[in-house]
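# Chain and residue survey
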Amino acid sequence: MAKAPRTGPYICGIDAALDVVSGKWKGLILWELDAHRVRRFAELRRGLPGVSEKMLTQHLREMEEDGLVHREVYAEVPPRVEYSLTESGRALNQALAPLGAWGTERMRREGFTTVDMPETSHG
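How each quantity is defined
Residues numbered from 1 in each chain as written. Predicted model: local features only at pLDDT ≥ 70, side-chain atom pairs only at ≥ 80, totals over all residues. Heavy atoms only, no water. Pairing = 2+ DSSP bridges. Helix = DSSP H or I, 4+ residues; strand = E, 2+ residues; numbered from the N terminus. Axes fitted to C-alpha atoms, helices over the stretch in contact; angles between N-to-C directions.

Taking an unreviewed UniProt entry as the reference, the protein chain is identified by name as Helix-turn-helix domain-containing protein belonging to Streptomyces werraensis.

This paragraph deals with the pairing of strand β2 (residues 69-74). By the bridge criterion, six bridges tie β2 to strand β3 (residues 80-85) in an arrangement that is antiparallel. Residue pairing across strands places Tyr 74 opposite Arg 80, the latter belonging to β3. Between the antiparallel neighbours β2 and β3 lie five residues.

What follows covers the sheet that holds β2. In space, the three strands of this open sheet follow the order β1-β3-β2, with antiparallel pairing throughout. Of all the strands in the sheet, just β1 (38-40) and β2 have a single pairing partner and so form its edges. Within this sheet the neighbouring strands show an average axis-to-axis angle of 30°, counted without direction. By the bridge criterion, three bridges tie β1 to β3 in an arrangement that is antiparallel. Of the residues in β3, the one forming a bridge with Arg 40 is Glu 82.

Okay, here's the thing in structure tokens:
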């Protein structure tokens with residue numbers, strides 16, 4: 001069953017913002033697209049270890065509906081589809097930067113480890 005569109009009513013701005021980034025992978029999709037500007041589906045999957053094809057597809061569709069991600073389909077054989085952040089997606093990613101800094105400090109303070117990423121994914 002499809003999730004209802006995210007249209008409120010909301011308690012506050014934080015509530016409205018968290019509504020569009022809810023889900024384990026959306027923040028990471030924002031980060032991946034910000035780091036690489038344009039990604040094809042398979043590149044996104046490689047950059048997000050552990051995400052299923054179904055979940056990535058669902059999150060990308062929701063993020064497109066919310067105006068965060070642009071999906072460009074090229075009329076080629078085989079078809080080529082590329083994803084990038086919209087202006088709104090870039091603004092949201094910038095707004096999340098302090099949260100990321102807080103998380104990085106928490107990982108350092110608590111001694112948490114990070115996922116080992118293939119060198120070809122980020123750099």
